[in-house]
Amino acid sequence: MAVTQKDSSVGVVAVILKALTYDEKRGACSVGTNVRDAACYVCWAFARAYEPQELKPFVTAISSALVIAAVFDRDINCRRAASAAFQENVGRQGTFPHGIDILTTADYFAVGNRSNCFLVIRVIRELAARALHNLAQQAPEFSATQVFPRLLSMTLSPDLHMRHGSILACAEVAYALYKLAAQENRPVTDHLDEQAVQGLKQIHQQLYDRQLYRGLGGQLMRQAVCVLIEKLSLSKMPFRGDTVIDGWQWLINDTLRHLHLISSHSRQQMKDAAVSALAALCSEYYMKEPGEADPAIQEELITQYLAELRNPEEMTRCGFSLALGALPGFLLKGRLQQVLTGLRAVTHTSPEDVSFAESRRDGLKAIARICQTVGVKAGAPDEAVCGENVSQIYCALLGCMDDYTTDSRGDVGTWVRKAAMTSLMDLTLLLARSQPELIEAHTCERIMCCVAQQASEKIDRFRAHAASVFLTLLHFDSPPIPHVPHRGELEKLFPRSDVASVNWSAPSQAFPRITQLLGLPTYRYHVLLGLVVSLGGLTESTIRHSTQSLFEYMKGIQSDPQALGSFSGTLLQIFEDNLLNERVSVPLLKTLDHVLTHGCFDIFTTEEDHPFAVKLLALCKKEIKNSKDIQKLLSGIAVFCEMVQFPGDVRRQALLQLCLLLCHRFPLIRKTTASQVYETLLTYSDVVGADVLDEVVTVLSDTAWDAELAVVREQRNRLCDLLGVPRPQLVPQPGAC
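The structure presented is a predicted model; accordingly, all values stated were derived computationally and were not measured. (Residues numbered from 1 in each chain as written. Predicted model: local features only at pLDDT ≥ 70, side-chain atom pairs only at ≥ 80, totals over all residues. Heavy atoms only, no water.)

### Digging into the overall build of the protein
Regarding its fold elements, the protein presents 35 helices and four strands. The C-alpha radius of gyration computed for the protein amounts to 35 Å, which surpasses the reference 27 Å derived for 737 residues by more than 25%, pointing to a less compact arrangement than a globule. Each principal axis of the C-alpha atoms in the protein carries an extent, and together these give about 115 × 75 × 50 Å. Of all 737 residues assigned to the protein, the portion counted as buried reaches 52%. The distance from the centre of the 72 positive side-chain charges to the centre of the 80 negative ones in the protein is 4 Å. (Helix = DSSP H or I, 4+ residues; strand = E, 2+ residues; numbered from the N terminus. Rg over C-alpha atoms; globule rule 2.2 N^0.38 Å. Buried < 20%, exposed > 50% of the residue type's maximum accessible area, 1.4 Å probe, protein only. Lys, Arg positive; Asp, Glu negative; His and termini not counted. Charge placed at Lys NZ, Arg CZ, Asp CG, Glu CD.)

What follows is the structure, given as structure tokens:
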């Protein structure tokens, strides 16, 4: 190709510039990436093929096109190719304006990051709209007179994606122009003419009339218009009293009411957009006088939203819970108790909605946000947080700390507990700043203990969040949180200087520190409960580090009978409190197996029928009685085997339980019991007399314990005689004989 002639050069550059923005829609997809990438390569080749004076007439056009492609092309390869071509021209030609400055901001690696690319130097349309927001602040007049009319014309485009992007862009540009006007105490209408204002006001009605809020495409339209509502409200558009406000309110309510019909991957985004739109709309258009709501609007809104909290659809409850939480203070004035009562009901777990973990989570978030909105004020329970309602709020939040709901998604109660912890922290800090006397000693103790328990449990990211809350409450000093139990000891165990350096999501760093709380009586029960769940979990690293940390602690109290007795009593109390609660009891049996195997309670084996052993045996018998849970039974077998080291009647009763399990209905349980009893008798050789030991281990090893029960029962009874325990009587109950 010859480009020595001026006309020919102009033609080639024009083609290349067109190719840099080439795109073509085919069905639901757009193609053109390869063309744009090739055009960038041609621009790169220009720098090497021609002298600077030959390219000088085209520098402005080429450099501008390359910068636009490097910053705004949706394909990462094209952005990088454009950046590389720009860099090559800057280095070899030396004529690109502001070349070094642009390369410093939009280098090859910077443009590879989508969000960084669109906002500092982009999901594509959302970030492009925000980029226009930034550009409008740099060129307000051009944005208002040239960009905005074109965006408005595209809001009714037949192309869904263009319609979506243009509505978002209208919202962002209008808000950018408002912020510029506000700096000079001028209204946004000083930048936007009447035609533009009317065009913005008509967007919702035009979409509604054309039924564009329906179907999958309607999700995008709803989200975009919610953003539009938010930005126009924040921009103080002169729509007060206009019917468009009723249309906007309908859209927000309808979106929140039908969140369950929205695809799960975009549901959260839709919910956030609708709630943000509601907050801005109410703040701007529903205030009758400064600090006072229009009574009719307040009555309608509060009554309707509270009714929706009882909706049988979980997502609807979520949406309207957050909506109540987003209401400005003047709309809550005089109705606070009513709203808090409705939200407390949402956070309560009942048999019919036990699986509604997300609505409980959002209810907690709403309560916390409302508390922040209304603030603290003495003697005004219907207007602010005060002594008359703070205990009820704390009761609702603390009640959700025990939410361990599980379903096909796993431990969904985690969402609730995390929201409860965050809400407890926010409320406590709010009270500490204004009226710390409202934080009662028993409430503060329960908060710190519950959070400490969560900081010792098995989910890494959740443990890290709990530790963050715990340390924030401990080290808050503006002023300090009152009544924190063992504050002095805690500040020594967790100094402020170590807070940032410890990775609480790493079991190797978290458990050695959290087990130190076992030495503080107030925290021992809750921390041990959390450790039990971690130690009996499934993740290898969590089990290893929690076990090591617990053993290290117990090793340190072996020579202190009082401390060991207190620890063992706490362990038994946890067992008793969680009897038949598989979430705790199965890991607890595994924990007992570990500590007994490692001799942590050897001091108790010197006394016949030690109270610890007697109570432990009774609890284990209750736990596995008639159980069909294989994991529980296997863990129970291990504990019974370890309990034969305790002399007296405890040993005989443990052997009797093992003999019962030798004739369990499940062959796996019979075989496992025989194998573990065999190993136990070889380990603790003094359990049976030397004269019968060989015969006992022979029966255990030679019998086919997965054979018919009639055959197995005969051998089991022979073992009972050898071990000196009574033969079990055949009873008509499942599981044992």
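### Topic: the nonpolar core
One finds Leu-192, Leu-200, Phe-470, Leu-517, Tyr-523, Phe-601 and Met-643 to be the most contacted residues of the largest nonpolar core, which totals 206 residues. Grouped together as the second largest cluster of nonpolar side chains are 26 residues, Ile-16, Ile-62, Ala-65 and Phe-86 included. (Core = buried A, V, L, I, M, F, W, Y, C linked by side-chain atoms within 4.5 Å.)

### Describing helix α25 (residues 507–514)
Given 3.6 residues to a turn, an α-helix orients residues that are three or four positions apart in the same direction. Among the residues of α25, those classed as buried are Pro-507, Ala-510, Phe-511 and Ile-514. The buried residues of α25 occupy one face: seen down the axis, they fall within an arc of 90°. Looking at the packing, one finds that the buried side of α25 touches α22 (441–454), α23 (460–475), α26 (521–535) and α27 (540–556). (Arc of directions from axis to C-beta. Contact = heavy atoms within 4.5 Å.)

### Section: the packing of helix α18 (residues 336–347) against helix α20 (residues 390–399)
It is the contact of α18 with α20, at a shortest axis distance of 10 Å, that shows an interaxial angle of 20°. In terms of orientation, α18 lies roughly parallel with respect to α20. Seen from above, α18 lies across α20 with left-handed handedness. Contacts from Gln-337, Leu-340, Arg-344 and Thr-347 of α18 reach α20 at Gln-392, Ile-393 and Ala-396. When the residues that make up the contact of α18 with α20 are grouped by side-chain class, the tally is three nonpolar, three polar and one charged. (Axes fitted to C-alpha atoms, helices over the stretch in contact; angles between N-to-C directions. Parallel < 35°, antiparallel > 145°, perpendicular 65-115°, else oblique. Left-handed = near helix turned anticlockwise from the far one by under 90°. Nonpolar A, V, L, I, M, F, W, Y, C, P; charged D, E, K, R; others polar.)

### Overview of the environment of Arg-369
Tracing the backbone through its elements, the reader meets Arg-369 in helix α19 (residues 357–374). With 58 residues separating them in the primary sequence, Arg-369 and Leu-427 have C-alpha atoms 9.1 Å apart. Not counting residues within four places of it along the chain, the set of residues in contact with Arg-369 comprises Val-275, Ala-279, Gly-325 and Ala-326.

### Considering unusual backbone geometry
Of note, the bond from Ser-478 into Pro-479 is cis; its omega dihedral lies within 30 degrees of zero at -5°. Looking at where Pro-479 falls in the secondary structure, it is placed in the loop between α23 and α24 (487–493). Phi at Leu-580 takes a positive value of approximately 70°, unusual for a residue other than glycine. The exposure class assigned to Leu-580 is partly exposed, which follows from its relative accessible area of 49%. Phi angles above zero are rare outside glycine, and Asn-626 is one such case at about 60°. For Asn-626, the position within the fold is in the loop between α30 (611–624) and α31 (630–642). We classify Asn-626 as partly exposed; its relative accessible area is 42%.

### Description of the packing of aromatic side chains
Evaluation of the coordinates by the stated rule reveals 17 aromatic pairs. Centroid distance Tyr-213 to Trp-250: 6.4 Å. Interplanar angle 50°. Geometry classified as tilted. Here Tyr-213, found in the loop between α11 (194–209) and α12 (215–234), pairs with Trp-250, found in helix α13 (residues 243–257); they are 37 residues apart in sequence, far enough to count as distant. Accessibility expressed as a relative area gives 34% for Trp-250, which makes it partly exposed. (Phe/Tyr/Trp six-rings, centres within 6.5 Å; stacked < 30°, edge-to-face > 60°.)

### Re the environment of Ser-30
The residue Ser-30 is located in strand β2 (residues 29–31) in this model. According to the relative accessible area criterion, Ser-30 is partly exposed, its value standing at 35%. Each C-alpha atom, one on Ser-30 and one on Gly-11, is 26 Å from the other, the two residues being 19 residues apart in sequence. If we skip the residues at most four places from it in the chain, Ser-30 touches Asp-23, Glu-24, Lys-25 and Arg-74.

### A short note on helix α2 (residues 33–49)
In this model α2 runs 24 Å from its N-terminal to its C-terminal C-alpha over 17 residues, within 8% of the 24 Å that 1.5 Å per residue would give. Looking only at α2, the buried set comprises Arg-36, Ala-39, Cys-40, Cys-43, Phe-46 and Ala-47. One side of α2 holds all its buried residues, which, seen down the axis, span an arc of 105°. What points out from α2, more than 90 degrees from its buried face, is the exposed set Asn-34, Tyr-41 and Ala-49. (Expected span 1.5 Å × (residues − 1).)

### Looking at the pattern of salt bridges
All told, the structure shown has 32 salt bridges when counted by the stated rule. In this structure, the salt-bridge partner of Glu-88 is Arg-92, at a minimum N-O distance of 2.5 Å. One end of the pair, Glu-88, and the other, Arg-92, are both in helix α5 (residues 76–92), four residues apart, so they sit about a helical turn from each other. Relative accessible area serves as the criterion here: at 45%, Arg-92 is assigned to the partly exposed category. Close ionic contact of Arg-409 with Glu-358 constitutes a salt bridge, the shortest N to O distance being 3.1 Å. Separated by 51 residues along the polypeptide, Arg-409 in the loop between α20 and α21 (413–434) and Glu-358 in helix α19 bring together distant segments of the chain. The class for Glu-358 is buried, based on a relative accessible area of 15%. Beyond isolated ion pairs, a larger network of salt bridges with shared partners links Lys-271, Glu-358, Arg-361, Asp-362, Asp-407 and Arg-409. (Salt bridge = Lys/Arg side-chain N within 4 Å of Asp/Glu carboxyl O.)

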